[in-house]
Amino acid sequence: MTDTTANGAAGSQPDSGPMLAADGTPLKVSLARALRRQKLRALMLIAPLLLFIVITFLAPIGDMLFRSVENNIVPETLPRTVVALEQWDPESGEAPGEAVFEALQADLLIAAEKKIHTRLGSRLNYETPGISSLFRKSGRRVDDMEQGPYKPQFLKIDEDWGDVEIWRTIKRYSGAYTAGYFLASVDMEYGADGPQLKPEDERIYLTLLWRTILLSTVITVSCILLGYPVAFLLANLPLRTSNVLMILVLLPFWTSLLVRTSSWIVLLQQQGVINDTLVTLGLVGDGGRLELMHNEVGTIVAMTHILLPFMILPLYSVMKTISPSYVRAAKSLGANDWTAFWRIYFPNTVPGIGAGAVLVFILAIGYYITPELVGGTSGIFISNRIAYHISSSLNWGLAAALGVVLLALILVFYWLYDRIVGVDNVKFGG
Amino acid sequence: MSGLQPYSSPAQVAWYYGFRLICALIFIFLILPILVIIPLSFNASDFFTFTKEMLALDPDGYSLKHYNDFFTNSDWQTALANSVRIAPMATLLSTALGTLAAIGLSQSHVPFRGAIMAALISPMIVPLIISAAGMYFFYSRIGLQGTYWGVVLAHAALGTPFVIITVTATLVGFDRSLVRAAASLGANPVRTFVKVQMPLILPGVISGGLFAFVTSFDEVVVVLFVGSASQKTLPWQMFTGLREQISPTILAVATVMVTVSILLLTTLEILRRRSERIRGLSPG
């Protein structure tokens, strides 16, 4: 390759040293520079969006995840008490001594002035119910305290200040970080000897998580069962017919989620279209109208309908690529219709099923709107609980911890999806 | 497999029709819920179900009063105006940024391609409630919560993955030698992009933009958290309407929105056919 002298007329240059580019730099250097420039150009094109996503999306997510372990409120509101409590041994079975109460009086005085003691109270109330009112009451009266031993004065305000359990909670949550929210999100609590599961009848989050997974699985399986025949039909009909039928799949896909949810409310409610039809036909009595909404049935039916296109479209695009000659070959070798389908055609569609199933499952597990509107109490998902903790109970740490659990679950399936289909190969609308 | 042959056995004939019947039922399941709200939106009474008059096709059973309510009620009109103000801006942002990034990502040498792609696609994967919660906390800190731009930025972030995916798919079929040809004829990179590359990938860009538009126009969860009452959008109004005071006006709004989605679908179908024709993929 370096032999430029083969052409005699151009052979003025002696054949030694590296090959040079037109401007005299060695070709290797020049190529490396070009490659670097190309990489830089690609990155320059990507950079604006990457920056945008990092600021508007990834930073908020990270910020929220951080909230699931953050616990600054205790050390910030009660700095002196936290230090004084270090000397106290919860195993002693007695409330801490005068030194801690003196620190508590100083901290509470400042906190009550800034009116932040109630916030701390409600924070600790998540862990031990009753603390909130204790702090509110003491914050009101701390101003009137006299000089001198503070412990008896606090005990006079409320006997609970002598309760070891209260002090155990304050000491446990005196660090700037806590695993408490995560324990709560999987129904655990600090017991006498380390973390333990809550009593069986108080395990709401594990139940909810399990229900979310179970309902999402049911929805995914229904989507496979309903989507497979339709995709098969679409892939095997002549293009002209299948294009028309495809509209019936794409129209729901493009219709607003809320429109579809409201039509399911119209159909499913007690005075709704389905019940009315059944009553008119005499299949059920007017008193025996079916409970189709505000339970699991409503969530499953409505979400299967909403997510079905996400199953049909990947299945269809996989089935489109399967050559019909495979099945013909199988039949010519003596296979009957069923064998040809089950042994030849079906195995070829498994990647499509996998792609569709993971996509539907990922989408289903994080759903919020539809379960909220048609799910009642027994058909809601973990997302609804997260929303509840953010907007109603204001237990943001727990909401964040539940979010981390949900996100971890999704990432596992996303990784699976990436392995099966690759993120780059996602396609919409056929 | 698909056709019915003269020599097919009775079982095969039965299966052929049986299978079509099953498929017909599934198609009905897909489309009926959307169609059923259209006649109901013309209901003269305030019920969510067919009245006797409607079933008898009595003209008195039908009316336009719910549409009238939608077009005169200030709540609905504000919501519509907000949606119309927010969605196009979010679409513009995500389409512009997304198209540039997709072109960058489709170059042959991109360092950390996998990681970058994962980061850019993440708004599509992360459940909306988590995005909404994170944005609510973070945007409150930087003073964007409850502002027009807060909602626009949030929606733009949610829309970009769709733009990237559709534009990347279009770029797969793009012939790179055309860029080189343009450059060899003396066009600078900007001119090459505007005159050669852009017209060819335009169908992909437009359908990506439509996806971004629908994402924003249809989005409830994030706007519920990031927006305040003055950013109330159409889906937000529908959501509260469905949850609190169920009024049949929702059905009229839903019908209007179904019409909009039919228009969108038609546009996309035309674009897809055009793009396939340009790339020589289909004979039509």
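Residues numbered from 1 in each chain as written. Chains lettered and ligands numbered in written order. Predicted model: local features only at pLDDT ≥ 70, side-chain atom pairs only at ≥ 80, totals over all residues. Heavy atoms only, no water.

Asker: Explain the overall build of chain B here, please?
Answerer: Each helix and strand in chain B was counted, giving 12 helices and 0 strands. Ordered by position in the sequence, the α and β elements of chain B form the string α-α-α-α-α-α-α-α-α-α-α-α. The C-alpha atoms of chain B give a radius of gyration of 24 Å, which is well past the 19 Å a tight globule of 284 residues would have. Seen through its principal axes, chain B has C-alpha atoms that stretch 75 × 75 × 30 Å. Going through the 284 residues of chain B one by one, you find that 50% of them count as buried. Of the contacts made within chain B by residues no fewer than 6 positions apart, 66% connect residues no fewer than 24 positions apart. Surface accessibility of chain B: about 12,900 Å² in total, with carbon and sulfur atoms responsible for 67%. Side-chain charges in chain B split into 17 positive and 12 negative, and the spacing between the mean points of these groups amounts to 19 Å. (Helix = DSSP H or I, 4+ residues; strand = E, 2+ residues; numbered from the N terminus. Rg over C-alpha atoms; globule rule 2.2 N^0.38 Å. Buried < 20%, exposed > 50% of the residue type's maximum accessible area, 1.4 Å probe, protein only. Contact = heavy atoms within 4.5 Å. Areas by Shrake-Rupley, 256 points an atom, 1.4 Å probe, with all protein chains shown as cover. Lys, Arg positive; Asp, Glu negative; His and termini not counted. Charge placed at Lys NZ, Arg CZ, Asp CG, Glu CD.)

Asker: Before we go on, may I ask you to explain a nonpolar patch on the surface in this structure?
Answerer: Nonpolar side chains collect at one region of the surface, where Leu21, Leu25, Ile28 and Leu32 of chain B lie side by side and expose about 390 Å² of accessible area between them. Here Leu32 of chain B lies in helix 1 (residues 10–40). (Patch = residues over 30% accessible without salt bridge, like charges linked within 9 Å, V, L, I, M, F, W, Y side chains within 5 Å. Salt bridge = Lys/Arg side-chain N within 4 Å of Asp/Glu carboxyl O.)

Asker: Just checking my understanding: could you explain the domain arrangement of chain A for this structure?
Answerer: Interfaces are often described in size by the accessible area the parts lose on coming together. Taken domain by domain, chain A comprises domain 1 (23–51), domain 2 (73–174) and domain 3 (204–425). The distance between the C-alpha centroids of domain 1 of chain A and domain 2 of chain A comes to 62 Å. (Domains from an automatic or database assignment.)

Asker: Just to check I follow, could you spell out the pattern of salt bridges for this structure?
Answerer: Should the charged atoms of two oppositely charged side chains come close, the side chains can pair. Residue and element names in this part refer to chain A. For the structure on display, the rule yields 7 salt bridges over all chains. Residue Asp107 is joined to Arg80 by a salt bridge in which the shortest nitrogen-to-oxygen separation is 2.7 Å. Of this pair, Asp107 sits in helix 4 (residues 98–114) while Arg80 is found in helix 3 (residues 79–85), placing the two residues 27 residues apart along the sequence. Given a relative accessible area of 1%, Asp107 falls into the buried group. Arg80 sits in the partly exposed class, given a relative accessible area of 40%. Where Asp337 meets Lys331, a salt bridge forms, and the shortest distance between an N and an O atom there is 3.2 Å.

Asker: Looking at this model, I keep getting lost on unusual backbone geometry. Mind explaining?
Answerer: Negative phi values dominate among residues other than glycine, just as trans dominates among peptide bonds. Residues and elements named next belong to chain A. Notably, Leu394 is not glycine yet its phi reads approximately 60°, a positive angle. As for its position among the elements, Leu394 is in the loop between helix 18 (382–391) and helix 19 (396–420). Owing to a relative accessible area of 48%, Leu394 belongs among the partly exposed residues under this scheme.

Asker: Explain helix 3 (residues 65–72) of chain B here, please?
Answerer: Because an α-helix completes one turn every 3.6 residues, residues spaced three or four positions apart along the sequence face the same direction. Considered for burial, the residues of helix 3 of chain B that qualify are His66, Tyr67 and Phe70 of chain B. All buried residues of helix 3 of chain B lie within an arc of 100° about the axis, which places them on one face of the element. (Arc of directions from axis to C-beta.)

Asker: Mind showing me how you'd approach the domain arrangement of chain B here?
Answerer: One can read the domain layout of chain B as domain 1 (10–61) and domain 2 (74–247). Inter-centroid distance (C-alpha atoms) of domain 1 of chain B to domain 2 of chain B is 36 Å.

Asker: Before we go on, may I ask you to explain the packing of aromatic side chains in this structure?
Answerer: Working definition: an aromatic ring pair is given by the centre-to-centre distance plus the angle between the planes. Counted under the stated rule, the structure contains 35 aromatic pairs over all chains. Aromatic side chains Trp254 of chain A and Phe211 of chain B sit 4.7 Å apart centroid to centroid with 40° between the ring planes, which places their arrangement in the tilted category. Note that Trp254 of chain A is positioned in helix 11 (residues 239–254) and Phe211 of chain B in helix 9 (residues 189–217), a pairing that runs across two chains. Judged by relative accessible area, Trp254 of chain A falls into the buried class, the value being 6%. Relative to Phe217 of chain B, the ring of Phe213 of chain B has its centre 5.4 Å away and its plane inclined at 15°; by these criteria the two rings are stacked. Of the two residues, Phe213 of chain B and Phe217 of chain B are both situated in helix 9; the distance of 4 residues between them amounts to about one turn of the helix. Through successive ring pairs, a cluster of aromatic residues spans Tyr228, Phe232, Trp338, Phe341, Trp342, Tyr345 and Phe346 of chain A together with Trp15 and Phe19 of chain B. Here Arg123 of chain A stacks its cationic end above the ring of Tyr173 of chain A, 5.1 Å away from the centre of that ring. Lying across the ring of Tyr148 of chain B, Arg85 of chain B places its NZ or CZ 4.8 Å from the centre. (Phe/Tyr/Trp six-rings, centres within 6.5 Å; stacked < 30°, edge-to-face > 60°. Lys NZ or Arg CZ within 6 Å of the ring centre and 35° of its normal.)

Asker: What's the story with the side chain of Thr91 of chain B in this structure? I'm lost.
Answerer: Within the fold, Thr91 of chain B resides in helix 4 (residues 74–105). What Thr91 of chain B contacts, discounting residues up to four positions off in sequence, is Gly209, Ala212 and Phe213 of chain B.

Asker: How should the packing of helix 12 (residues 257–268) of chain A against helix 14 (residues 296–320) of chain A be read in this particular structure?
Answerer: A pair of packed helices is characterised by two quantities: the angle between their axes and the separation of those axes. Residues and elements named next belong to chain A. Interhelical geometry of helix 12 versus helix 14 gives an angle of 140° and a closest axis separation of 10 Å. Judged by the angle between their axes, helix 12 and helix 14 are oblique. As for the relative orientation of helix 12 and helix 14, their crossing is right-handed in sense. Of the residues in helix 14, those in contact with Leu257, Arg260, Thr261, Trp264 and Leu268 of helix 12 are Gly298, Val301, Ala302, His305 and Ile306. For the contact of helix 12 with helix 14, the class distribution of residues is 6 nonpolar, 3 polar and 1 charged. (Axes fitted to C-alpha atoms, helices over the stretch in contact; angles between N-to-C directions. Parallel < 35°, antiparallel > 145°, perpendicular 65-115°, else oblique. Left-handed = near helix turned anticlockwise from the far one by under 90°. Nonpolar A, V, L, I, M, F, W, Y, C, P; charged D, E, K, R; others polar.)

Asker: Any chance you could explain the side chain of Arg67 of chain A here in plain terms?
Answerer: As for its placement among the helices and strands, Arg67 of chain A is situated in helix 1 (residues 27–67). In this structure Arg67 of chain A is buried but unpaired, with Asp63 of chain A as the nearest side chain of opposite charge at 4.3 Å. Contact partners of Arg67 of chain A, with chain neighbours within four places excluded, come to Tyr181, Trp396, Gly397 and Ala400 of chain A together with Phe137 and Arg141 of chain B.

Asker: Sorry, what's going on with helix 5 (residues 117–125) of chain A here?
Answerer: Residue and element names in this part refer to chain A. The set of residues buried in helix 5 consists of His117, Leu120, Gly121, Arg123 and Leu124. Seen end-on, helix 5 carries its buried residues on one side only, within an arc spanning 165°. Next to the buried residues of helix 5 lie helix 2 (73–77), helix 4, helix 6 (131–141), helix 8 (164–172) and helix 9 (180–185).

Asker: Explain the packing of helix 4 of chain B against helix 7 (residues 148–172) of chain B here, please?
Answerer: All names here are of chain B. Orientation of helix 4 relative to helix 7, taken along the N-to-C sense of each, is 40°, at an axis distance of 6 Å. Considering their axes alone, helix 4 and helix 7 lie oblique with respect to each other. Every pair of crossing elements has a handedness; the one defined by helix 4 and helix 7 is right-handed. When the residues that make up the contact of helix 4 with helix 7 are grouped by side-chain class, the tally is 17 nonpolar, 8 polar and 1 charged.

Asker: What is the right way to read the environment of Pro149 of chain A from this model?
Answerer: Residue position: Pro149 of chain A is located in the loop between helix 6 and helix 7 (151–157). Considered as a pair, Pro149 of chain A and Leu307 of chain A are 158 residues apart in the sequence and their alpha carbons are 67 Å apart.

Asker: Got a minute to help me understand a positive patch on the surface in this structure?
Answerer: A surface patch of positive charge is lined by Arg33, Arg36, Arg37 and Arg41 of chain A. For Arg37 of chain A, the location among the structural elements is in helix 1.

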